[in-house]
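One-letter residues, chain by chain:
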Amino acid sequence: MPGSTPELPIVVLDALMPTTQRMVINRRGSTVWEVESHRGHYAVKLGYPIEATADWPAQPWTALAPAREGAVLLRLGVEGIAYGEWEHGTCNFQPWHEGPDLYRLWERCRTKGSSIAPDTSVALECVQALAELHAKGWAHGDVQPAHFIIGPQRTHLIDLALAHGGHVPEGYDFPFRGCLVHYEAPEIARSVLDTGEAEPTQEADIYALGASLLMSATGWRAVEYADDAPRPVQREAVANGRRRPVKVPGELGELVDAMLSHAPEDRPTIHEVGKSLS
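First things first, this report covers the structure right here in the doc. Just so it is clear, the structure is predicted and the values come from calculations on it, not from any experiment.

**Remarks on the packing of aromatic side chains**
Consideration 1: The full count for this structure, using the stated rule, is 3 aromatic pairs.
Consideration 2: Geometrically, the ring pair formed by tyrosine 42 and phenylalanine 93 is edge-to-face, given 5.1 Å between the ring centres and 75° between the ring planes. A residue pair is termed long-range when its members are at least 10 positions apart, and tyrosine 42 in strand S3 (residues 40-47) and phenylalanine 93 in strand S5 (residues 89-95) qualify at 51 residues.
Consideration 3: Both rings, one in tyrosine 83 and one in tyrosine 172, keep their centres 5.8 Å apart while their planes meet at 85°; by these two values the pair is edge-to-face. In this pair, tyrosine 83 sits in strand S4 (residues 82-86) while tyrosine 172 sits in the loop between strand S7 (155-157) and helix H5 (186-195), placing the two residues 89 residues apart along the sequence.
Consideration 4: The side chain of arginine 110 reaches across the aromatic face of tyrosine 103, ending 3.5 Å from its centre.

See the structure below:
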């Protein structure tokens, strides 16, 4: 897979018999495709291992992530899910969700000199999507703006490969080693620095949602560190609470500030966040 031209494997082509297919994401360790077929409209995810380089350790877990996500989605009762293996790793297909993500939707809020405040009704929809997951006893583990798809009927929370809260088949499971550091809670960052692993929690999801709202509304990260800082340096800044002042315009400012509290117990619950926005 690495170094080759990505294409859908035979196992997916045979299962879905696409009428149209379009690759929408190609990143180290995975590709995501939009596929339409007589069976429906799907997002197809392919995972493969990341090989070690001079500045990047090997990450074999990326090959397992699509199957792990498929198992989580089935556990949550989502319909239209299938997962399995292909030549280089695992894959899944799941219903395609139409709409912009949170960061793209709030782009005009971030324009220099803009007087447009972030829409609290959109923020509430994101909260409700996360609350739905939390109510089932799960933590997402990888909350970020790109994972909220603001659809015409409802907002969807996607990318559950790192979610914790129920049984995952042993052959597809792997330890949680943190997520995108911009949205990582201090306690997660500290645990990853100290042990190389962490445990996703609903409290950490609240922090990540606050950081997502802040980034989408203002373009600023919650914590200050150099753009090109290595991940351990970024995590040290997060773990030490090197917070920027929250300057979200409108009603969200005070709420986001509370969601970004350093101590997990000081953050509001997802229900308190929703009540505040309602």
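**As for the sheet that holds S3**
Consideration 1: Taken together, 5 strands build an open sheet; the order of strands is S1-S2-S3-S5-S4 and the sheet is antiparallel. Only two strands of the sheet have a single partner each, and these edge strands are strand S1 (18-27) and S4. Mean inter-strand twist for the sheet, computed between neighbouring axes without regard to direction, equals 20°.
Consideration 2: Relative to S5, S3 is paired through 5 bridges, and the arrangement is antiparallel. Following the sheet pairing, valine 44 is matched in S5 by phenylalanine 93.

Conventions we followed
Residues numbered from 1 in each chain as written. Predicted model: local features only at pLDDT ≥ 70, side-chain atom pairs only at ≥ 80, totals over all residues. Heavy atoms only, no water. Phe/Tyr/Trp six-rings, centres within 6.5 Å; stacked < 30°, edge-to-face > 60°. Helix = DSSP H or I, 4+ residues; strand = E, 2+ residues; numbered from the N terminus. Lys NZ or Arg CZ within 6 Å of the ring centre and 35° of its normal. Pairing = 2+ DSSP bridges. Axes fitted to C-alpha atoms, helices over the stretch in contact; angles between N-to-C directions.

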